[in-house]
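Working through the structure, step by step
Here is what each chain is made of, one letter per residue.
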Amino acid sequence: MTADATSGPGADGHEREPAEYDVVGVGIGPFNLSLAALADGVDGLSALFLDGRPEFTWHPGLMFDDARLQVSFLADLVSLVDPTSPWSFLAYLRDRDRLFPFYFAERFHITRREFEDYCRWAAAGLGSCRFGARVEAVAWDEARRRFRVGYATAGGRHEVLARDVVLGVGTEPVVPEALAPLLGDRVFHAEAYLDHRAGLAGARDVTVVGSGQSGAEVFLDLLRNAPVTGHRVTWLTASPAFAPMEYSKLGLEHFTPDYTRFFHALPDGVRDVLVPSQWQLYKAISADTIADIHDLLYDRSTGGADPGATLRPGVTVESAEPGPDGYLLTCRHDQQDRVFRHRTDALVLATGYAARRPPLLGPVDHLVDWDDQGRYRVAPDYRVALAPAVTGSLFVQNAEEHTHGVGTPDLGLGAWRSASILNAMTGGTAYRLPAATAFTSFGAPDDVLVDVRGPGHLARGRR
Ligand SMILES: Cc1cc2nc3c(=O)[nH]c(=O)nc-3n(C[C@H](O)[C@H](O)[C@H](O)COP(=O)(O)OP(=O)(O)OC[C@H]3O[C@@H](n4cnc5c(N)ncnc54)[C@H](O)[C@@H]3O)c2cc1C
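So, here's what we can say about the structure.

The rules we used
Residues numbered from 1 in each chain as written. Predicted model: local features only at pLDDT ≥ 70, side-chain atom pairs only at ≥ 80, totals over all residues. Heavy atoms only, no water. Helix = DSSP H or I, 4+ residues; strand = E, 2+ residues; numbered from the N terminus. Rg over C-alpha atoms; globule rule 2.2 N^0.38 Å. Buried < 20%, exposed > 50% of the residue type's maximum accessible area, 1.4 Å probe, protein only. Contact = heavy atoms within 4.5 Å. Lys, Arg positive; Asp, Glu negative; His and termini not counted. Charge placed at Lys NZ, Arg CZ, Asp CG, Glu CD. Pairing = 2+ DSSP bridges. Right-handed = clockwise from strand over helix to strand, strands pointing away. Phe/Tyr/Trp six-rings, centres within 6.5 Å; stacked < 30°, edge-to-face > 60°. Near = heavy atom within 4 Å. Polar contact = N/O pair within 3.5 Å; in protein donor to acceptor, adjacent residues only side chain to side chain. Areas by Shrake-Rupley, 256 points an atom, 1.4 Å probe, with all protein chains shown as cover. Axes fitted to C-alpha atoms, helices over the stretch in contact; angles between N-to-C directions. Parallel < 35°, antiparallel > 145°, perpendicular 65-115°, else oblique. Left-handed = near helix turned anticlockwise from the far one by under 90°. Nonpolar A, V, L, I, M, F, W, Y, C, P; charged D, E, K, R; others polar. Core = buried A, V, L, I, M, F, W, Y, C linked by side-chain atoms within 4.5 Å. Salt bridge = Lys/Arg side-chain N within 4 Å of Asp/Glu carboxyl O.

1. A short note on the overall build of the protein
When helices and strands are counted, the protein shows 13 helices and 18 strands. Its C-alpha atoms give the protein a radius of gyration of 24 Å, within 12% of the compact-globule value 23 Å for 463 residues. In terms of principal-axis extent, the alpha carbons of the protein reach across some 80 × 65 × 50 Å. In the protein, which comprises 463 residues, the share counted as buried stands at 48%. Long-range contacts, defined here as pairs at least 24 residues apart, represent 68% of the contacts in the protein between residues at least 6 apart. Distance from the positive charge centre (44 side chains) to the negative charge centre (60 side chains) of the protein: 2 Å.

See the structure below:
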């Protein structure tokens, strides 16, 4: 292992000490990129961000040409904290000489392609971002009182020291246990849909499982291509309905710092019950995509024609067997409690994502104060609870849904979370953050008459 390339062997040929940073970010998705962009405005803070990919990419397996962001362009890397930052989306447009066309386009929701291009522009401009650098291990060096971050590049293995580390490694695809043994060219998670799409040629029936936004986009794409490919499309979901994502103005206040603070202060048991009950805030489909799907089905069924699709909610796929003629699924309609079979040639699993517990934490695993479900205990400022002996801080981005709620993967809270982390790191107010961000008052007023709080009070009330 060599010291970091920024240090490397000195003129005398001796290996220098590893370079040292105030903060090292692991992963450069939109969230750590937001941190890099806001850190760029903090005087005296040295930062390095590492990503294993050769360049910034954003969910390439689902990058449909017309797919749009589900949040406003203002939910860029910095604007909701510092609209004067040189790394805002508007600054990117200015740099690309696209401000006038954007002004006339009147687009609040830009395409995912443009968001990716914007992020790539920011990552290329920020001196702190290094791609092609896969972090393999984070260890705590007791003597140096620094984290040792080991990473691999095409040129070999390297190490840097960090006072604080921020994990922004994203989430991992969830595959139902019963379907995991079938994974391959014709059974795959939606995250890699575009990589596998050509391989679906010749399939008579393609089944999509799951009805979040990804499932809906994949279903729509399969349906649009059906006149060329000739396949039928079946869409199954355990959700009780193909439901629209909550997008009302007060409903969106669940994605504010105010709601995040309220949620964090609830007891663990209450939080664990609350998140799944809020599925329509984060697991549903944009109203536009639902409209596109319905329009297409309507047009295809003109004159009594078969639109070539089956849409069935409330269905759990319990098992699947490969056979000489594709796959035979055993499914249960949950409300009717009826079991049925469905034959298909291919399965696209739009079955969601979950927080990772990345192997790179192996050397500090014993220093992390995991909760009883093996999850991080995350403080309001996104600091992970560690053994008292560790004087540095480990922060997480997008791994704290269980402590911070449904806004965790939302781009609209990214800049605020990054600024909160920077404030925690610098022990001050690197960025001034608003005290109030919603019209809704979440929770009871301070002067309650009775406080009967206890673990599980909401869970009891819901039975
Ligand atoms: C198709 C899709 C569309 C979405 N659209 C929206 C939207 O419109 N609005 C919204 O609010 N949310 C959206 N989301 C949700 C969320 O905002 C995104 O998933 C977002 O990309 C999460 O960012 P991230 O930084 O946590 O992780 P990611 O974007 O997944 O990035 C993580 C990065 O970490 C790197 N990495 C992982 N391990 C290592 C390692 N050991 N060493 C170095 N690098 C590592 C990876 O290479 C990757 O580049 C969408 C999600 C999906 C799947």
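There is more to say, and it comes next.
2. Things to note about the pairing of strand 3 (residues 47–50)
Every second residue of strand 3 is oriented toward a common face, with Ala-47 and Phe-49 on one face and Leu-48 and Leu-50 on the other, all of them buried. Relative to strand 3, strand 2 (residues 20–26) runs parallel, the two sharing four bridges. Residue Val-24 lies in a different strand from strand 3, and its bridge partner there is Leu-48. Tracing the backbone out of strand 2, into helix 1 (residues 30–39) and back to the parallel element strand 3 gives a crossover that is right-handed.

3. Overview of the packing of aromatic side chains
A complete count under the given rule lists 25 aromatic pairs for this structure. Where Phe-64 meets Tyr-193, the ring centres are 5.9 Å apart and the plane angle is 50°; that geometry is what we call tilted. With Phe-64 in the loop between strand 3 and helix 2 (89–95) and Tyr-193 in helix 5 (residues 193–196), this pair connects stretches of sequence that are 129 residues apart. Taking 5.5 Å as the distance between ring centres and 75° as the angle between the ring planes, the aromatic pair formed by Phe-89 and Phe-102 counts as edge-to-face.

4. Observations concerning the site of the ligand
Taken together, 29 residues lie near the ligand, and Asp-51, Trp-58, Gln-70, Pro-409 and Leu-411 sit nearest. Within the side chain of Trp-58, one N or O atom sits 2.7 Å away from an oxygen atom of the ligand. Val-135 has a polar backbone atom sitting 2.9 Å from a nitrogen atom of the ligand. Coverage of the ligand by the protein chains reaches 89% of its 980 Å² of free accessible surface. Contributing elements (two or more residues each) for the shell around the ligand: helix 1 and strand 5 (134–141).

5. Quick notes on the packing of helix 6 (residues 213–229) against helix 10 (residues 287–300)
When two helices pack together, their arrangement is given by the angle between the helix axes and by the axis-to-axis distance. At a minimum axis separation of 10 Å, helix 6 and helix 10 run at an interaxial angle of 25°. Here helix 10 runs roughly parallel to helix 6, going by the angle between their axes. Judged by the sense of rotation from one axis to the other, the crossing of helix 6 with helix 10 is left-handed. Taking contact as the criterion, the partners of Gln-213, Ala-216, Glu-217, Phe-219, Leu-220, Leu-223, Arg-224, Ala-226 and Pro-227 in helix 6 are, on helix 10, Thr-289, Asp-292, Ile-293, Leu-296, Leu-297 and Arg-300. Each residue belonging to the contact of helix 6 with helix 10 can be placed in one class, and the counts come to nine nonpolar, two polar and four charged.

6. Points about the environment of Phe-31
Secondary-structure assignment places Phe-31 in helix 1. Given the relative accessible area of 9%, Phe-31 is considered buried. Distance from Phe-31 to Ser-319, taken between C-alpha atoms, is 36 Å for residues 288 residues apart in sequence.

7. Re the nonpolar core
The biggest cluster of nonpolar side chains holds 52 residues, and the ones touching the most others in it are Leu-33 and Leu-422. Apart from the residues within four sequence positions on either side, Leu-33 is in contact with Ile-28, Phe-56, Leu-77, Cys-119, Ala-122, Ala-123, Leu-126 and Cys-129. Counting 31 residues, the second largest nonpolar core, distinct from the first, contains Ala-19, Phe-147, Leu-360 and Val-378.

8. Quick word on the pattern of salt bridges
Under the definition given, this model contains 29 salt bridges. Arg-356 serves as the salt-bridge partner of Glu-172, at 4.0 Å between the closest nitrogen and oxygen. Here Glu-172, found in strand 8 (residues 171–173), pairs with Arg-356, found in the loop between strand 17 (353–355) and strand 18 (393–396); they are 184 residues apart in sequence, far enough to count as distant. Between Arg-417 and Glu-400 there is a salt bridge whose closest N-O contact spans 2.5 Å. Here Arg-417, found in helix 12 (residues 414–426), pairs with Glu-400, found in the loop between strand 18 and helix 11 (401–404); they are 17 residues apart in sequence, far enough to count as distant. Across the pair, exposure class does not vary: Arg-417 and Glu-400 are buried alike. Each of the salt bridges in this network shares a partner with another, and the network as a whole consists of Arg-204, Asp-325, Arg-343 and Asp-345.

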